[in-house]
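Each chain is listed here by its residues.
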Amino acid sequence: MPLTTPTLHTPRLCLRPFTGADLDHLFALHGDTRVMRYWDSPPWTERARAERFVAVCRRTADEGTGVRVAVDRVSDGAFVGWCGLVEWNPVYRSASLGYCFGEAMWGRGYATEAVRALLRWAFDTLDLNRVQAEADTRNLASARVLEKAGFVREGTLREDCVVDGEVSDSWIYGLLRREWPPPEAPLPESERLSATGSCDGPL
């Protein structure tokens, strides 16, 4: 069954479906060597990769296996990055989380805010019991995002990635429905979401 990609609002962000206007932003994001430092694939060198990425996002929603959303800053409409849940299994009630944010947006809490928004939608809409995520063991900033969202580090995947000849380990994280929202960081009323309407600010 197809999934409807949501439009979600938080105090500072708008999460929305991708459009053709996002292609240049995506290419710049995934072409940045610092952003892609800990990814399991090298930076993009062709703009066509952005076109394929948006096509895959649409196909994933059409096939009902997950959603990815673009993330804009409400104050000025700036493209912040994206986050998504894929590999949704309605039998096991599980999915995998992924995200990517521009270097200029690091350290401002945008990733945590966007991830929490998407998780709230997913637990309510997809009736998830478990969400899984992975982070390169050197990527401490990404690990902090997951832990602030309530994820628990469950183990280490040893030498599971080789990119440009460099071997790396990954931490595996899990978040269960009964652990959401994190008791030490409950969602404030101001972060209750609206899944309808359009994004505030220019796109």
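Residues numbered from 1 in each chain as written. Predicted model: local features only at pLDDT ≥ 70, side-chain atom pairs only at ≥ 80, totals over all residues. Heavy atoms only, no water.

## Comments concerning the packing of aromatic side chains
Our working definition: Pairing of aromatic side chains requires ring centres within 6.5 Å, counting the rings of Phe and Tyr and the six-membered ring of Trp. Pairs whose planes differ by under 30 degrees are stacked, by over 60 edge-to-face, and all others tilted. Note on conventions: DSSP H or I runs of at least 4 residues are helices, E runs of at least 2 residues are strands, and numbering of each starts at the N terminus. Think of it in three bands: with a 1.4 Å probe and only protein chains considered, a residue is buried below 20% of the maximum accessible area for its type, exposed above 50%, and partly exposed in between. Two limits define a charge over a ring: the Lys NZ or Arg CZ must be within 6 Å of the ring centre, and within 35 degrees of the ring normal.
Tallying each qualifying case throughout the model produces 6 aromatic pairs. Judged by centre distance (6.2 Å) and plane angle (65 degrees), the rings of Trp39 and Trp82 are edge-to-face. A residue pair is termed long-range when its members are at least 10 positions apart, and Trp39 in the loop between helix H1 (23-30) and helix H2 (48-63) and Trp82 in strand E4 (residues 79-89) qualify at 43 residues. Residue classification places Trp39 among the partly exposed residues on the basis of a relative accessible area of 28%. Here the aromatic rings of Phe53 and Trp82 are separated by 5.3 Å at their centres, their planes lie at 50 degrees, and the arrangement is tilted. Placement of Phe53 in helix H2 and of Trp82 in strand E4 is noted, with a sequence separation of 29 residues between them. The exposure class assigned to Trp82 is buried, which follows from its relative accessible area of 5%. It is Arg153 that lies over the ring of Trp171; its NZ or CZ is 3.7 Å from the centre.

## So, the sheet that holds strand E2 (residues 13-16)
Rule in force here: Pairing between strands is defined by DSSP: at least two bridges between the two strands are required. Two residues qualify as a contact provided that any one of their heavy atoms is within 4.5 Å of a heavy atom in the partner residue. Under this scheme, a helix contributes an axis fitted over its contacting stretch, all axes are lines through C-alpha atoms, and angles between N-to-C directions fall in the 0 to 180 degree range.
With respect to topology, 8 strands assemble into an open sheet ordered E1-E2-E3-E4-E5-E6-E8-E7, the strand pairing being mixed. On the outer flanks of this sheet lie strand E1 (8-9) and strand E7 (152-163), each paired with one strand and no other. Where H2 meets the sheet, it contacts strand E3 (67-73) and E4, and its direction lies at approximately 125 degrees from that of E3.

Function cannot be read off these values alone, since they describe shape.
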